[in-house]
Amino acid sequence: MTRDDRTAVGARILSLGGGKGGVGKTFITANLAVALARAGYRVVAVDADLEGANLHTCLGVPTPLVSLADFVAQREDDLGKLLIDSGEPNLQIIAGTHANLAEAQPSHLRRVRLMRSLRQLPADFVLLDLGAGIHASVLDYFLVGDEGLLVLQPEPTSVENAYSFLRAAFYRRLRLAMVGHGVRKLVTQAMDQRNERGIRTPHDLLREVEALDPLEGRRFVETMRAFRPRIVINGVRTAEDVKLGFAVSSVCRKYFGIEGDYLGYVNHDDAVRRSVVARKPVLDFQAGSDAAIYLQRIAHKLAGLPVGSVSADRAGGERRP
Ligand SMILES: Nc1ncnc2c1ncn2[C@@H]1O[C@H](COP(=O)(O)OP(=O)(O)OP(=O)(O)O)[C@@H](O)[C@H]1O
Ligand SMILES: [Mg+2]
C-alpha cells in the first residue's frame, strides 16, 4: 500500500502488548518507531501505559507536559494537539506522562473516541505501547490495532502471561462480535475457565454457539479468522529460544483455532540496557548491535520492505521466521 492509499484509509495501527511487565514492549515500540521513521514512513508512537509511562525516555524526549492523560481526563479532545516532536524526522510521540493515577484508565466511551482519533492521526503508522496486565482498556488498545504484536520472553512466566493475555483479548473480541444476548452470555460463561458448562476451549464454545444460532456461529468463525496476533520473542539467548515463536504460533492454531504469525525475534543484548540508560534508541546507541539489526528486520517486515540478510551466527544459527 502506498502512502497516498494509506492517507485515504487512515493510519495503520500496531499495538504492542504481552500481558507481562518488563518483557520489552516499550523498548521494542520505541525502536520499531525509529526504524519505520527512517524507512521513510510518518510514525506516531503513543504511550498508552498511563500507569507506567516511559516511552518518551526510551526515545530521549524530556518529560512532556502534555500527554494522552489530557485526552483521558477530557482536558483535550484533539489528539493532534498532544503530538510532540521526538527529535527524529518523521517521528512524533504522544506521551503518557502526568496521568491522574486515581483514574488512569479511560472510560469505555472515551476509549471508543480515542480509537477513532488514533486512526485519523497524520501518520502512516501509529504504534501503541501498552501496559502490562489484562485490564479492559489494555485489551481494547490491543484489539483496536490493525495488527496486535504479542511480545514475550523465553521464560515460563512470560509465556504463561502471554497466553492469558491472548485468551482474554480473544474472548473480549468474540463477545464484542456476537450480537445475540444468549450467545454473549455463553461467551461470558466461557471466560471462566472452570465454568460448569464444561466449555474449556474456543472450539468447545464454537460448538455451543453453532447449536444455539448458526448465524452467530458463522460470525464466530469470521472473528477467529480475523484475529491474527503477530508474535515477537524478545531476549533470545539460544537456538531453542528462537523456536518458541513457532511453538506459540502452533498453540494459537491448535487451542484457539487462530493463525498467529511469527513476526520475528530480538536477541538478548546488553546494548539494550545501556541504550535505555543513555536514553537513546538502540538503533543510535549501537547501530551494529544484534538488537538493532533484528529490530530493523522486524520493522522492514512490517512495512513489507526487503528484510535483507543477517549472518546466521547472530542467533544461535537458527533459520529466521
Ligand atoms: N532484547 C533485550 N536485551 C537485553 N535487555 C533487554 C531487552 N529487551 C528489554 N531489555 C531490558 O528490559 C527492560 C524493560 O523493558 P521495557 O521497559 O521495554 O519492558 P515493558 O514490557 O515495556 O515493561 P512494562 O510492562 O513495565 O512497561 C529494558 O529497560 C532493558 O533494560
Ligand atoms: Mg513499558
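Scroll up for the structure.
My aim in this report is to walk through the structure given alongside it, one point at a time.

1. Looking at the overall build of the protein
Right, so step 1: Helices and strands together make up the secondary structure of the protein, namely 14 helices and eight strands.
Right, so step 2: In terms of overall dimensions, the protein is globule-like: its C-alpha atoms have a radius of gyration of 20 Å, near the 20 Å expected for 321 residues.
Right, so step 3: Dimensions of the protein, computed from the C-alpha atoms along their principal axes, are close to 55 × 50 × 40 Å.
Right, so step 4: For the protein, the accessible area works out to roughly 14,400 Å², and carbon and sulfur atoms hold 50% of it.
Right, so step 5: Charge separation in the protein, taken as the distance between the mean sites of 42 positive and 37 negative side-chain charges, equals 2 Å.

2. Here we look at the environment of Glu 147
Right, so step 1: By the element assignment, Glu 147 lies in strand β6 (residues 147-152).
Right, so step 2: Glu 147 sits in the buried class, given a relative accessible area of 13%.
Right, so step 3: For the pair Glu 147 and Thr 201, spaced 54 residues apart in the sequence, the C-alpha separation amounts to 23 Å.
Right, so step 4: Apart from the residues within four sequence positions on either side, Glu 147 is in contact with Arg 12, Ile 13, Leu 14, Ser 15, Arg 230 and Leu 302.
Right, so step 5: In terms of polar contacts, Glu 147 uses its side chain to reach the side chain of Arg 230, at 2.7 Å.

3. Description of the sheet that holds strand β1 (residues 12-17)
Right, so step 1: Here eight strands make up an open sheet; going across it, the order is β3-β4-β2-β5-β1-β6-β7-β8 and the pairing mixed. Either end of the sheet is taken by a strand with one partner, and the two such strands are β3 (84-85) and β8 (261-267).
Right, so step 2: For strand β2 (residues 43-47) and strand β5 (residues 125-129), the ladder comprises five bridges, and the chain directions are parallel. Note that in β5 the partner of Val 44 across the bridge is Val 126.
Right, so step 3: On the sheet, helix α2 (residues 25-38) packs against β1, β2, β4 (91-94), β5, β6, β7 (230-236) and β8 and is oriented at approximately 165 degrees with respect to β5.

4. Quick look at the site of ligand 1
Right, so step 1: As a structural note, the neighbourhood of ligand 1 is formed by 17 residues, with Gly 22, Lys 25, Thr 26, Phe 27 and Asn 234 the closest of them.
Right, so step 2: At a separation of 3.1 Å, an oxygen atom of ligand 1 approaches a polar backbone atom of Val 23.
Right, so step 3: Contact with the protein chains removes 79% of the 640 Å² of surface that ligand 1 exposes when unbound.
Right, so step 4: For the shell around ligand 1, the secondary structure elements donating two or more residues are α2, β7 and α12 (270-277).
Right, so step 5: Of the residues in the shell around ligand 1, the class split is five nonpolar, eight polar and four charged.

5. What to know about unusual backbone geometry
Right, so step 1: A positive phi angle, close to 75 degrees, is found at Asn 90, a residue other than glycine.
Right, so step 2: Mapping Asn 90 onto the fold places it in the loop between β3 and β4.
Right, so step 3: Located in the positive-phi region is His 98, a residue other than glycine, with phi close to 55 degrees.
Right, so step 4: Turning to its location among the elements, His 98 is positioned in the loop between β4 and α5 (108-119).

6. Regarding the side chain of Asp 47
Right, so step 1: In this structure, Asp 47 sits in strand β2.
Right, so step 2: Here the side chain of Asp 47 touches Asn 54 through a polar contact of 3.0 Å, landing on its backbone nitrogen.
Right, so step 3: Aside from chain neighbours lying at most four places away, what touches Asp 47 is Ala 53, Asn 54, Leu 55, Leu 68, Ile 94, Ala 95, Gly 96 and Asp 129.

7. Remarks on the pairing of β7
Right, so step 1: Counting buried residues along β7, seven of its seven residues qualify, which places the element largely inside the surrounding structure.
Right, so step 2: In terms of strand pairing, β6 meets β7 through four bridges, oriented parallel. Among the inter-strand pairings, Leu 152 is bridged to a residue of β7, identified as Ile 233.
Right, so step 3: Where β7 and β8 come together, six bridges link them in parallel fashion. Bridge pairing in β8 links Arg 230 to Asp 261.
Right, so step 4: Taking the sense of rotation as the criterion, the β-α-β connection linking β7, helix α11 (residues 239-256) and β8 turns out right-handed.

What counts, and where the lines are drawn
- Residues numbered from 1 in each chain as written.
- Chains lettered and ligands numbered in written order.
- Predicted model: local features only at pLDDT ≥ 70, side-chain atom pairs only at ≥ 80, totals over all residues.
- Heavy atoms only, no water.
- Helix = DSSP H or I, 4+ residues; strand = E, 2+ residues; numbered from the N terminus.
- Rg over C-alpha atoms; globule rule 2.2 N^0.38 Å.
- Areas by Shrake-Rupley, 256 points an atom, 1.4 Å probe, with all protein chains shown as cover.
- Lys, Arg positive; Asp, Glu negative; His and termini not counted.
- Charge placed at Lys NZ, Arg CZ, Asp CG, Glu CD.
- Buried < 20%, exposed > 50% of the residue type's maximum accessible area, 1.4 Å probe, protein only.
- Contact = heavy atoms within 4.5 Å.
- Polar contact = N/O pair within 3.5 Å; in protein donor to acceptor, adjacent residues only side chain to side chain.
- Pairing = 2+ DSSP bridges.
- Axes fitted to C-alpha atoms, helices over the stretch in contact; angles between N-to-C directions.
- Near = heavy atom within 4 Å.
- Nonpolar A, V, L, I, M, F, W, Y, C, P; charged D, E, K, R; others polar.
- Right-handed = clockwise from strand over helix to strand, strands pointing away.

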